[in-house]
Amino acid sequence: MTTTDTTQIRERLVELIQLQVLYDRLNAVRSRQGDLPQQIDDLKDKISTVQHTLSELSEQIRQIESEIRSLHVSNDSLRDHEQKLRKKLEAVRTNQEYFEIETEIKETRLTIEKNLQDIRRLQHRADALRQKHAEDETHLNELHERVAEKEKRLEIIKLHTTEQEVYLLEKIEALSQELRKHDARLFQLFERRRRSLRGGKAAVPVIPIERQEGRYACSGCYTLLPRQLHLEILQRNKIIICESCGRFLIDEEFYTEVAKSIP
Ligand SMILES: [Zn+2]
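Residues numbered from 1 in each chain as written. Predicted model: local features only at pLDDT ≥ 70, side-chain atom pairs only at ≥ 80, totals over all residues. Heavy atoms only, no water.

Undergrad: It is not clear to me how the sheet that holds strand β1 (residues 203-208) should be interpreted in this structure. Could you clarify?
TA: Strand pairing in a sheet takes place through backbone hydrogen bonds and is either antiparallel or parallel in direction. Taken together, the three strands give an open sheet; going across it, the order is β2-β1-β3, and neighbouring strands pair in mixed fashion. Among the strands making up the open sheet, the edge pair consists of β2 (216-218) and β3 (248-250). Geometrically, the sheet is characterised by an average inter-axis angle of 40° between neighbouring strands, direction not taken into account. Note that β1 and β3 share three bridges and pair parallel. Looking at β3, one finds that Ala203 is bridged to Phe248. Against the sheet, helix α5 (residues 227-235) touches β1, β2 and β3, its axis set at about 75° to β3. (Pairing = 2+ DSSP bridges. Helix = DSSP H or I, 4+ residues; strand = E, 2+ residues; numbered from the N terminus. Axes fitted to C-alpha atoms, helices over the stretch in contact; angles between N-to-C directions. Contact = heavy atoms within 4.5 Å.)

Next up, the structure:
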């Protein structure tokens, strides 16, 4: 069945307005989530970066601790060696032998000192890394808390909106079926416009232009409408499409009336 007489056209216009209003409500409900899901994803990315840094820090600390341990081990055996050399020194017979052992003791002392310096240097480094690790851990906990807080907020919003979304989608589906049954081409045109135009607005009221008495514009693209076209829109018995943006143009009062009548 296609739209022919004026009463039918008026009914189609009502259906177009109703569909548009329901879609607007659906979009408003959906937009309540805002960019929360994106914020949560961003925070989770940060968390995994910090976790990666933390495990790298732990690995570096482990390596340094193991270096320190082996330096201690090496100093222990150097000290044993020194002890033995000192004992040997007591039993030497020649100056040459004495000199050689003395030199070896000095060298051993030097190595022990050098190792001790290295241990101190490594301990400083490990302390700095532990400090950084502790700070990052605090930061990580804060990030976890922020994610948890945002996820909770999103859950609450979803809980409130799912019900409304389902209700609106059901109404939209029923109304779409009606319009498709009455005028399939009109329905398809509406759907195409709704999907392609900014804000999903396929049917819009015309709006008066300031400082231009009696002149009206499309509220979708703000193109000034010819007086004659506006008069036709006022009749509410013709499907009129904006020449510049392709939206269905509807008398403002008519649009408001129908919108208000939707529960
Ligand atoms: Zn327009």
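After that view, the rundown keeps rolling.
Undergrad: How should the nonpolar core be read in this particular structure?
TA: Most often, soluble globular proteins keep nonpolar side chains buried together rather than apart. Ranked by internal contacts, the top residues of the largest apolar core, which has 26 residues, are Leu16, Ile17, Leu19, Phe190 and Ile250. Those elements giving two or more residues to this core turn out to be α1 (6-31), α3 (95-182), α4 (184-196), β3 and α6 (252-261). A total of 10 residues in this core trace back to one element, the largest contributor, which is α1. Two domains each donate at least three residues to this core, and these are domain 1 (6-31 + 197-261) and domain 2 (36-178). Here Ile17 is in contact with Ile250, Phe254, Tyr255, Val258 and Ala259, once residues within four sequence places are set aside. Ranked by size, the runner-up nonpolar core spans 11 residues in total, among them Leu36, Ile40, Leu143 and Ile157. (Core = buried A, V, L, I, M, F, W, Y, C linked by side-chain atoms within 4.5 Å. Buried < 20%, exposed > 50% of the residue type's maximum accessible area, 1.4 Å probe, protein only. Domains from an automatic or database assignment.)

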